[in-house]
Amino acid sequence: MAKPRTNPAALPLLFTAVLLVIAGAVQDEKRAVHGQLAMSMAAVNATTSQVQTMFGAKSWKLTKRQKMGLKDCVEMFEEAMTELESVQFGLSSYDKEANSKVLSAHAADLRTWLSAAITNQEQCLDGLAEDGSASSLTEEIAGGVQNVSALCSDALAMVTRMTGTDVEEKLAKEKKSRKLLQAAEPDDAGFPEWMTEADRRMLQGAVAADVVVAADGSGNFEKISEAVAAAPSKSGKRYVIRIKAGTYKENVEVPKGKTNLMFVGDGIDVTVISGSRNVVDGYTTFRSATVAIMGAGFLARDLTIENTAGPSKHQAVALRVGSDLSAFYRCKFTGYQDTLYVYSQRQFYRECTISGTVDFIFGNAAVVFQSCNIQIRNPNSGQKNTVTAQGRTDPNQNTGISIQGCTISGSTSAKSYLGRPWKRFSRTIVMQSSISSVIDPAGWLPWSGRFALDTLTYLEYQNTGPGAATGNRVDWKGFQVISAESEAEPYTVGSFIGGASWLGDTGFPFSLGL
């Protein structure tokens, strides 16, 4: 992944003045935010037109990766527009007198979508920056992209301020604490007590499939991409694609319009989706993914996704996920640098295996890994391993990486760390996990000099194992070893990704709290 760009300039005084006029001219907070969102969407449209015009005028002299980077930007702007429209619609139905739990979930939706809109702007410029020869392209569109990002950032600040106050007031009126609903303890089989018998049978047995993919021709399709293309668009109900045993050498994309899809394999290392795209061979990190998921409500279980490019090919993503309310159960993701791109939105991983070397879990989603096996591999000679590289760019983004009850291990002799700050407000917590001696006593690695060391949030809580000793950890302002439940609770499934409201429908086991 590209090194962090110089922080964009603050919102121009003209826009600040406009915001003050809007805020002062209306008494309704929602109207003020709507006005800010309208400006954001207008800016997205203007920047999209600029990039499309640039692409048309210069396509004859652009490299393969430059073209790919600009196309990535257009896709990201489209995603941002969808997210801003979702905020507009969601804000219209926002009711500060609603039940506190409903109000909290609604507020989280608005912040998630705005956080994702900002992430899309950042990724556009990061993708172009991966190709040094694209610097002129970056300079031409940077102003427009940074303007969109600043407008969205202000909208996020306004929404955070408005919804945070509303939820607190509502809770105070009802005289309730801020502690969220906790799940019952799992039973002996590993499933929560509240899970229905039907859900347990689905997890323990076969899942009824709508279509079957089989490489040997015994199913409805021989390629996964064909099954995805044939799936209904904007589906409100679950659509299950069973992928029979075999190795499928293809790159699979689930676009925004394909919602509520589920991939069901025959088992880890039995059903394998394999690719080898990478930045050395001319792809952007974003486009290198073997499997890319953008359609909301995506689920997967019992399969492996790999990128076989190897450590010398640098960034090479196995799985990229920008699907809101997506979950993965008993899956394996394997690669080297940048294996798993938790790009944006809310995500959950349970009993999965993730292996890699440099920054191999990275991105700016709100994501929880629970009971997962995180394996560090041998990197190129001279490289250092980092498990995470979280990409939060705005302090109001409700994003971060939470690793709970996992095992972090590896047999490499290369220096290895829990993470490093990709962006200024990088946020990661490792809690109640077993950490082997593969992790260096310092625990965490700087990105470059003092960048982000005072503004990041890196936390450790109740970890065990030889690599969990904190006596020689870094002394950064943003790093802390915490001991109180109240400090760790905000990063659990129930609090951080609102799991109580959606994970029950997946049929996957999970724990909401500590």
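Residues numbered from 1 in each chain as written. Predicted model: local features only at pLDDT ≥ 70, side-chain atom pairs only at ≥ 80, totals over all residues. Heavy atoms only, no water.

## Quick look at empty space enclosed by the protein
Condition: Space inside and on the surface of the protein is sampled on a 1 Å grid over the protein atoms alone, with a cavity defined as a set of points where a 1.4 Å probe fits but cannot get out and a pocket as an open set with protein on both sides within 12 Å along at least 5 of 7 lines; lining residues have an atom within 4 Å of a point. Grid points are joined across faces, edges and corners, and a volume is the space filled by probe spheres set on the points. Gly falls in the polar group here, along with every residue not listed as nonpolar (Ala, Val, Leu, Ile, Met, Phe, Trp, Tyr, Cys, Pro) or charged (Asp, Glu, Lys, Arg).
Counted according to the given criterion, the structure contains three cavities of 30 Å³ or more. Its volume calculated, the largest cavity comes out at about 70 Å³. Every residue along the wall of the largest cavity is listed here: T119, E122, Q123, D126, Y341, Y343, N364, G391, T393, W422 and K423. Here the residues of the lining of the largest cavity are counted per class, giving three nonpolar, five polar and three charged.

## Here's the deal with the sheet that holds strand β20 (residues 416-419)
In plain terms, the rule: By definition, two strands form a pair when at least two bridges between them are found by DSSP. By definition, any uninterrupted DSSP run of H or I lasting at least four residues is a helix, any uninterrupted run of E lasting at least two residues is a strand, and each is numbered from the N terminus. To get an axis, fit a line to the C-alpha atoms, keeping to the stretch in contact for a helix; angles then go from 0 to 180 degrees between the N-to-C directions.
Spatially, β4-β7-β9-β11-β14-β17-β20 is the arrangement adopted by the seven strands of the open sheet, whose pairing is parallel. At either end of the open sheet lies a strand with only one pairing partner, and these are β4 (252-254) and β20. Within the sheet, the average angular offset between the axes of one strand and its neighbour, ignoring direction, is 10°. In the sheet, β4 pairs with strand β7 (residues 291-293) via three bridges, with the strands oriented parallel. Across the sheet, E253 pairs through a bridge with A292, a residue of β7.

## Remarks on a negative patch on the surface
Which entries qualify depends on this criterion: The patch calculation keeps residues exceeding 30% relative accessible area without a salt bridge and links them within 9 Å when they carry like charges or within 5 Å when they are nonpolar (Val, Leu, Ile, Met, Phe, Trp, Tyr). Areas reported as accessible are Shrake-Rupley estimates using a 1.4 Å probe. Residue values count occlusion only from the protein chains shown. Salt bridges are defined as contacts in which a side-chain nitrogen from Lys or Arg sits within 4 Å of a carboxyl oxygen from Asp or Glu. Asp and Glu are treated as the negative residues and Lys and Arg as the positive ones, with His and the ends of the chain left uncounted. To locate a charge, the coordinates of NZ of Lys, CZ of Arg, CG of Asp or CD of Glu are taken. In this scheme, a residue with accessible area under 20% of its type's maximum is buried, one over 50% is exposed, and one in between is partly exposed, where area comes from a 1.4 Å probe on protein chains only.
Taken together, the side chains of D28, E29, D95, E97, E168 and E169 make up a negatively charged region of the molecular surface. Looking at E168, the relative accessible area reads 47%, which means it is partly exposed.

## Focus on the confidence of the model for the protein chain
Stated precisely, the cut-off is as follows: Confidence of the predictor in every single residue is expressed as pLDDT, which spans 0 to 100. Any two residues having at least one pair of non-hydrogen atoms within 4.5 Å are treated as being in contact.
A residue-level look at the protein chain finds 87% of positions with pLDDT of 70 or above and a mean pLDDT of 86. Segment residues 3-14 is flagged for pLDDT under 50; beyond a separation of four residues in sequence, or across chains, it makes 17 contacts in the model. Counting contacts from residues 17-27, a segment whose pLDDT is below 50, to residues more than four positions away or on other chains yields nine contacts.

## Examining the pattern of salt bridges
On inspection of all chains with the given rule, the structure shows 20 salt bridges. Notably, a salt bridge pairs R287 with D72, separated by 2.6 Å at the nearest N-O pair. With R287 in the loop between β6 (271-275) and β7 and D72 in helix α3 (residues 64-92), this pair connects stretches of sequence that are 215 residues apart. For the pair shown, R287 and D72 are each scored as buried. Between K415 and D440 there is a salt bridge, with its nearest N and O atoms 2.9 Å apart. One end of the pair, K415, is in the loop between β19 (407-410) and β20; the other, D440, is in the loop between β22 (434-435) and β23 (457-461), and 25 residues separate them in sequence. Salt bridges sharing common partners tie together D72, E75, E253 and R287.

## Quick word on the packing of helix α2 (residues 29-58) against α3
Which entries qualify depends on this criterion: Convention used here: angles under 35 degrees read as roughly parallel, angles over 145 as roughly antiparallel, angles from 65 to 115 as roughly perpendicular, and any remaining angle as oblique. A clockwise turn of the near helix away from the far one marks a right-handed crossing, whereas an anticlockwise turn of less than a right angle marks a left-handed crossing.
At a minimum axis separation of 10 Å, α2 and α3 run at an interaxial angle of 160°. Classed by the angle they form, the pair α2 and α3 counts as roughly antiparallel. As α2 packs across α3, the resulting crossing turns out to be left-handed.

## Things to note about the packing of α3 against helix α4 (residues 100-129)
Across the interface, α3 lies against α4 with an axial gap of 9 Å and an inter-helix angle of 165°. By the angle between their directions, the pair α3 and α4 is classed as roughly antiparallel. With respect to the hand of their crossing, α3 and α4 are arranged in left-handed fashion. For the contact of α3 with α4, the residue count by class is 15 nonpolar, eight polar and two charged.

## Some words on the pairing of strand β8 (residues 299-307)
Most of β8 is tucked away: nine of the nine residues are buried. Relative to β8, strand β5 (residues 261-265) runs parallel, the two being bridged by three bridges. Across the sheet, residue V264 finds its bridge partner in β8, namely R301. Where β6 and β8 come together, four bridges link them in parallel fashion. By the bridge assignment, I273 is partnered in β8 with I305.

## What to know about the packing of aromatic side chains
Which entries qualify depends on this criterion: Aromatic rings from Phe, Tyr and Trp, taking only the six-membered ring of Trp, are treated as a pair when their centres fall within 6.5 Å; an angle between ring planes under 30 degrees marks them as stacked, one over 60 as edge-to-face, and anything in between as tilted.
Using the criterion set out here, one finds 14 aromatic pairs in the structure. Aromatic side chains F328 and F333 sit 5.9 Å apart centroid to centroid with 85° between the ring planes, which places their arrangement in the edge-to-face category. Judged by its relative accessible area of 0%, F333 falls in the buried class. Ring plane angle 5° and centroid distance 4.8 Å describe the contact between F328 and Y349, whose orientation is recorded as stacked.

## Considerations on unusual backbone geometry
Of note, the phi angle at D338 is positive, near 65°, even though the residue is not glycine. Assignment of secondary structure puts D338 in the loop between β10 (326-334) and β11 (340-342). Although it is not a glycine, E351 sits at a positive phi angle of roughly 55°. Relative to the assigned elements, E351 resides in the loop between β12 (346-350) and β13 (353-356). A relative accessible area of 32% places E351 in the partly exposed class.

## Some words on the state of the cysteines
As a reminder, the rule being used: Note on terminology: pairs of cysteine sulfur atoms within 2.5 Å are recorded as disulfides.
Counted by the stated rule, this structure contains one disulfide. Residue pairing for C73: its cysteine sulfur links by disulfide to C124, the two sulfurs lying 2.1 Å apart. Its S-S torsion of approximately 90° makes the covalent link between C73 and C124 right-handed. Placement of C73 in helix α3 and of C124 in helix α4 is noted, with a sequence separation of 51 residues between them. A single burial state applies to C73 and to C124, both of which are buried.

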